[in-house]
Amino acid sequence: MPVRMPDWIVTLLLGCIEGITEFLPISSTGHLLLVEHWTGDHRSDLFNVVIQAGAVLAVIPLFWKRVSDMLFRLGDPAVRDYTVKLLGAFFITGVGGVILEKLHFKLSDNPLPVATALLVGGILFVVLERMLSGRPHTDEISWKVAVVVGVAQLVAAVFPGSSRSGTTILACLALGLSRPAATEFSFLVGIPTMLAASGLKIFKALIHPAAGAASENWSAVGLGFVVSAVVSFVVVRWLLGYVRNHTFAAFGWYRIALALVIFALVRG
């Protein structure tokens, strides 16, 4: 039975959840779908994508040195190499995203696939962290990493609950990247990916009002955007410090526990 709440409270809740979960490897989309299922308040794709953009924009100041280098120091071979590989990962995701759009792909709001993806990802994090314990790692982004990250973002787009940051970080760790380097590359690739997705959604809503803009509650969109940005900044700042001295195993166990709770609720 859905729990009815005032619209502004649901908006605040969704904004906070997006801000917390967008960059933690626990699936923002999965959490948003579950909350909307629980409250009976189903938001538009436009709302969900725009508040994701708020969370993504919030990380730019935290990576400003890297971002400013990519904007103003492309003459440096190391900076140019990193930038080209990041754009290569984004390009792969972008092409795949266009194909999914042409196929009219829509996310399912069924909690069972979300729980399944959470469970699988959680197990992979726990197992992978145990396998990697004590093994050497690198901070260098290879073309293999860039290609796999681009594909991993598409996997996350197709399977709600898998987590964009979760799938990309898992891929980076499996390819031998250090946790800080994996986290940074995953987050930086997310900036153009999510901004492009949100920009496309807004553009389509504006040029085709019947498809969304005319009926969209823009006050709610704006509130969700601001809340998710503020919360995301705080969470990512904490996470960047956390991964220097901790593994991702705790997030794996959280995913497993949440998945089991969802399975229990659905069966009940």
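So, how was this worked out
- Residues numbered from 1 in each chain as written.
- Predicted model: local features only at pLDDT ≥ 70, side-chain atom pairs only at ≥ 80, totals over all residues.
- Heavy atoms only, no water.
- Phe/Tyr/Trp six-rings, centres within 6.5 Å; stacked < 30°, edge-to-face > 60°.
- Helix = DSSP H or I, 4+ residues; strand = E, 2+ residues; numbered from the N terminus.
- Buried < 20%, exposed > 50% of the residue type's maximum accessible area, 1.4 Å probe, protein only.
- Core = buried A, V, L, I, M, F, W, Y, C linked by side-chain atoms within 4.5 Å.
- Contact = heavy atoms within 4.5 Å.
- Expected span 1.5 Å × (residues − 1).

A. Inspection of the packing of aromatic side chains at higher detail. Throughout the structure, instances matching the rule amount to seven aromatic pairs. A ring pair is formed by phenylalanine 63 and phenylalanine 187, whose centres lie 6.2 Å apart and whose planes are at 80 degrees; its orientation type is edge-to-face. Here phenylalanine 63 is found in the loop between α3 (45-57) and α4 (64-72), whereas its partner phenylalanine 187 is found in helix α9 (residues 179-207), with 124 residues between them in sequence. For the pair formed by phenylalanine 63 and phenylalanine 187, the shared burial category is buried. Consider the rings of tryptophan 238 and tyrosine 242, whose centres lie 5.0 Å apart with planes at 35 degrees: the pair is tilted. Taken together, the residues span about one helical turn, with tryptophan 238 and tyrosine 242 both in helix α10 (residues 218-242) at a distance of four residues. With a relative accessible area of 45%, tryptophan 238 lands in the partly exposed category. Members of the aromatic cluster, each reached through a chain of ring pairs, are Phe125, Trp238, Tyr242, Phe248 and Phe251.

B. Summary view of the nonpolar core. Counting residues in hydrophobic clusters, the biggest one holds 41 residues, and the most contacted among them are Phe185 and Phe187. Elements with a minimum of two residues in this core: α4, α5 (77-102), α6 (111-132), α7 (143-158), α8 (164-174), α9 and α10. It is α9 that provides the largest number of residues to this core, a total of eight residues. Not counting residues up to four positions away in its chain, the partners in contact with phenylalanine 185 are Tyr82, Lys85, Leu86, Ala89, Ile141, Val145, Ala146 and Val149.

C. Region of interest: helix α11 (residues 249-267). Between its first and last C-alpha, α11 extends 27 Å over 19 residues, near the 27 Å set by a 1.5 Å rise per residue. Considered for burial, the residues of α11 that qualify are Ala249, Phe251, Gly252, Arg255, Ile256, Leu258, Ala259 and Ile262. On the buried face of α11, the contacting elements are α2 (28-39), α6 and α10.

D. Inspection of the environment of tryptophan 253 at higher detail. Position of tryptophan 253 relative to the elements: it lies in helix α11. When sequence neighbours within four positions are dropped, the list of residues in contact with tryptophan 253 reads Val126 and Arg130.

Purely geometric numbers; function is a separate question.
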